[in-house]
Amino acid sequence: MKKTKHALAAFLAGASLLAGAPALAAVTDMPGGPAVNELNFQPPVTKLAEELHNLHNMMLIICLVIFIGVFGVMFYSIFKHRKSKGHQPANFHESTTVEVIWTVVPFIIVILMALPATKTVVAMKDTTNADITIKVTGYQWKWGYDYLKGEGEGIKFLSTLTTPRSQIDGTAPKSNTYLQEVDNPMVVPVNKKVRLITTANDVIHSFYVPAFGIKQDAIPGFVRDTWFKAEKVGEYRGFCTELCGKEHAFMPVVVKVVSEDDYNKWVDAQKKQMAASADDPNKTYTVQELMERGQKVYASNCAVCHQPNGKGGGAFPALDGGKIVTGPVADHISIVLHGKNAMPNWSHLNDVELAAVITFERNSWSNKTGDVVQPAQVREARGNKSANAAGAAEANAAKNS
C-alpha cells in the first residue's frame, strides 16, 4: 500500500511538472546545415565532398561484408558443431592453406580500401591553380577572412556569432540557426576553386564545413591550406572542431556561395565600404566619434562575453563599475591589447577600433570617467610592448653569451 502511494505521488508530481513546462519550439532543418533526423553526411556540394561520401559508403559496405562473413562462420560453427551433437574438435596444426588465406585476403581488402582513399587524400591536398585565395585566421572566438588573391583581393573582415544572448541563456526561443549565424559570412563565387590558407592568432582552432568536405586545423605560427569548389549556390554552415576555450561553441563558420555576377557586386560594395570607413590612425577623434565607433566594436567583439549591458558573467567580470574600466587608462589598454586569463588579446583590431572601444567602455553604463583614449595612445602601448620584448631578448642574449 505504501509503495502504491509513493508511485501515485511520483506520477502526480511528474504530471504537474509537464503541465507547468513551456511548450518546446518545433525543431526544423537548419538552412545550409544538418537536417532533422539526418543519419548520413550532409548532401555534398563539391566533388571532393561527393568523393568522401562515396568513400565512406564503400568502407561501410566492406566492413559490413567482413562482419557478416566472420561472425556468420563463427556462429554457424558454434551451432552446427557443438559438443551436444557429438562433434569432436579437429586436431590440426600449421595449415599452410589457412595461413595463405588469412594473409592474402586481408591484404586484398587493405588494397581495395587504400587505393580510393589515397586518391581522395591526394585530391584534397591539390591546392594549385586556385581562382581565389583566402587567408582564414582563428581567434578566440571568431574567424578572420583576408582575400589575398583573385577577384576581391584586399578585402578583409571578421566574422562573429550573432545569436542573441537571450537565446544562449534560454530566456528566448531558439531559432533554427541557433549558434550558426554570423554578421559577416565568407562570400565566394560558384564553380570557382577557392584556396584557404589557415592559421590562428592565439590557440589551435579548426575550420570545418561538412558540405564542402573540408576540415583544416588553424595553428598559431603555422600555415596549412585546403580548397573547395562549390557547385551550388546557397549558404553552408560549419564550426570550429578544435576545443579552443570557453566560447568554443560560439565560433561558427558560414560560407555564402553566390553567382559570379553577385560576387562581383559584393566585391564592389565591400571595397567602397572599406574606402569609406578607412581609419586614420593619426587623427584626433572627438568623444562622439569614438563613442559611436566604440559601441559598434563592443557589440561585435565584447558583448558576447561581457554582455551588452556590461554586467559580465562567469569568468568574465562586469565592465559596469569594474576596476579595470574605472582604473588607470594604461592598465585598461594593456589588458585589451595583451589579454589575461580567459580574456583573449585583441591586438588584431586596429588602433582606432581599440581606442574607440576603450573610450566607450570607460564612459558607458554607470562608468563616467570622462577619459578619452586616442589611437596614438594605443600605438604607443603597442610600441612599448615591442620595445620591452626586444630588451628582454637582448638581456637573454647577453646572459647566454
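It should be emphasised that the depicted structure is a prediction, and the values quoted were computed from it without experimental measurement.

Peer 1: Looking at this structure, how should I read the overall build of the protein?
Peer 2: Across its full length, the protein holds 11 helices and 10 strands. Residues counted as buried form 35% of the 401 residues belonging to the protein. The contacts in the protein between residues at least 6 apart in sequence include a share of 65% that link residues at least 24 apart. For the protein, the exposed area adds up to about 23,600 Å²; of that, 61% sits on carbon and sulfur atoms.

Peer 1: I'm lost on unusual backbone geometry in this one. Help?
Peer 2: Backbone phi values are negative for most residues with the exception of glycine, while trans is the configuration of most peptide bonds. Each neighbour pair has its own omega, and for Q140 with W141 the value is 0°, a cis peptide bond. Here W141 is to be found in the loop between β1 (132-139) and β2 (142-149). Notably, W365 is not glycine yet its phi reads approximately 60°, a positive angle. By relative accessible area, W365 is classed as partly exposed at 23%.

Peer 1: Sorry, what's going on with the pairing of strand β9 (residues 234-240) here?
Peer 2: Residues in a regular strand point their side chains to alternate faces of the sheet. Of the strand pairs in this sheet, strand β6 (residues 205-209) and β9 are connected by two bridges, and their pairing is antiparallel. Bridge pairing in β9 links F207 to C240.

Peer 1: Got a minute to help me understand the sheet that holds strand β4 (residues 186-189) in this structure?
Peer 2: Across the sheet, five strands lie side by side as β4-β10-β9-β6-β7; this open sheet has mixed pairing. At either margin of the open sheet sits one strand with a lone partner, and together these are β4 and β7 (214-218). Strand-to-strand, the axes of this sheet are offset by a mean angle of 25°, without reference to chain direction. The strands that helix α5 (residues 260-276) touches are β4 and β10 (252-258); relative to β4, the one it contacts most, it runs at about 135°.

Peer 1: Is there a simple way to think about a nonpolar patch on the surface in this case?
Peer 2: Where nonpolar side chains cluster on the molecular surface, the patch consists of L64, I66, F67, I68, V70, F71, M74, F75 and I78 and spans about 860 Å² of accessible area. One can find F67 in helix α2 (residues 47-80).

Peer 1: Explanation requested: the nonpolar core in the structure shown.
Peer 2: Soluble globular proteins: nonpolar side chains tend toward being buried together. Counting 36 residues, the largest nonpolar core has I134, Y145, Y147, M186, F207, F212 and F228 as its most contacted members. For this core, the secondary structure elements donating two or more residues are β1, β2, β4, β5 (194-200), β6, β9, β10 and α5. When residues of this core are assigned to their parent elements, the largest contribution, four residues, is made by β10. Apart from residues lying up to four places away in sequence, Y145 is in contact with I134, K135, V136, I155, K156, F157, S159, N184, M186, F207 and V253. Core analysis: the next-biggest nonpolar cluster, separate from the first, contains 21 residues, Y298, L319, V336 and A355 among them.

Peer 1: Is there a simple way to explain the state of the cysteines in this structure?
Peer 2: Should the sulfur atoms of two cysteines be covalently bonded, the bond is a disulfide. Counted by the stated rule, this structure contains zero disulfides. Distance from the sulfur of C240, which forms no disulfide, to the nearest cysteine sulfur (C244) is 3.9 Å.

Peer 1: Please clarify how the sheet that holds strand β8 (residues 224-228) should be interpreted in this entry.
Peer 2: Through backbone hydrogen bonds, the strands of a sheet pair up, either in parallel or in antiparallel fashion. Here we have five strands laid out as an open sheet, ordered β3-β2-β1-β5-β8, and mixed in their pairing. For this open sheet the edge positions go to β3 (156-159) and β8, each flanked by a neighbour on one side alone. On average, each strand axis in the sheet is tilted by 25° relative to the strand beside it, whichever way the strands run. Here β1 pairs with β2 via seven bridges, running antiparallel. Bridge pairing in β2 links V136 to Y145.

Peer 1: I would appreciate a short explanation of the packing of helix α9 (residues 329-338) against helix α10 (residues 351-362) in the present structure.
Peer 2: Packed helix pairs are characterised by how far apart their axes lie and by the angle those axes make with each other. Close contact between α9 and α10 brings their axes to 11 Å; oriented N to C, the two are set at 125°. When the interaxial angle is binned, α9 and α10 end up oblique. In the packing of α9 onto α10, the handedness of the crossing is right-handed. Two secondary-structure elements touch here, α9 through V329, H332, I333, V336 and L337 and α10 through L354, I358, E361 and R362. For the contact of α9 with α10, a count of residues per class yields six nonpolar, one polar and two charged.

Peer 1: What am I meant to see in the side chain of T226 here?
Peer 2: Inspection of the secondary structure puts T226 in strand β8. For T226, a relative accessible area of 7% translates into the label buried. Discounting chain neighbours no more than four positions away, the residues touching T226 are M124, T127, V194, R195, L196, I214 and Q216.

Peer 1: What should I look at first to understand the side chain of N301 in this one?
Peer 2: Locating N301 in the fold gives a position in helix α6 (residues 287-301). Given a relative accessible area of 8%, N301 falls into the buried group. Looking at N301, its side chain comes within polar contact range of the main-chain oxygen of V297, at 2.9 Å.

Peer 1: In this structure, what is going on with the pattern of salt bridges? I would like to understand it.
Peer 2: Oppositely charged side chains can pair when the atoms bearing their charge come close. What the rule picks out here adds up to 12 salt bridges. We note a salt bridge from R165 to D169, for which the minimum N-O separation is 3.6 Å. Judged by its relative accessible area of 48%, D169 is partly exposed. With a closest N to O distance of 3.9 Å, K192 and E260 form a salt bridge. Taken together, the residues K192 in the loop between β4 and β5 and E260 in helix α5 connect sequence positions 68 residues apart. Look at K192 and you get partly exposed, because its relative accessible area is 26%. One continuous salt-bridge network, built from bridges that share partners, spans D279, R293 and E353.

Rules and cut-offs
Residues numbered from 1 in each chain as written. Predicted model: local features only at pLDDT ≥ 70, side-chain atom pairs only at ≥ 80, totals over all residues. Heavy atoms only, no water. Helix = DSSP H or I, 4+ residues; strand = E, 2+ residues; numbered from the N terminus. Buried < 20%, exposed > 50% of the residue type's maximum accessible area, 1.4 Å probe, protein only. Contact = heavy atoms within 4.5 Å. Areas by Shrake-Rupley, 256 points an atom, 1.4 Å probe, with all protein chains shown as cover. Pairing = 2+ DSSP bridges. Axes fitted to C-alpha atoms, helices over the stretch in contact; angles between N-to-C directions. Patch = residues over 30% accessible without salt bridge, like charges linked within 9 Å, V, L, I, M, F, W, Y side chains within 5 Å. Salt bridge = Lys/Arg side-chain N within 4 Å of Asp/Glu carboxyl O. Core = buried A, V, L, I, M, F, W, Y, C linked by side-chain atoms within 4.5 Å. Disulfide = S-S within 2.5 Å. Parallel < 35°, antiparallel > 145°, perpendicular 65-115°, else oblique. Left-handed = near helix turned anticlockwise from the far one by under 90°. Nonpolar A, V, L, I, M, F, W, Y, C, P; charged D, E, K, R; others polar. Polar contact = N/O pair within 3.5 Å; in protein donor to acceptor, adjacent residues only side chain to side chain.

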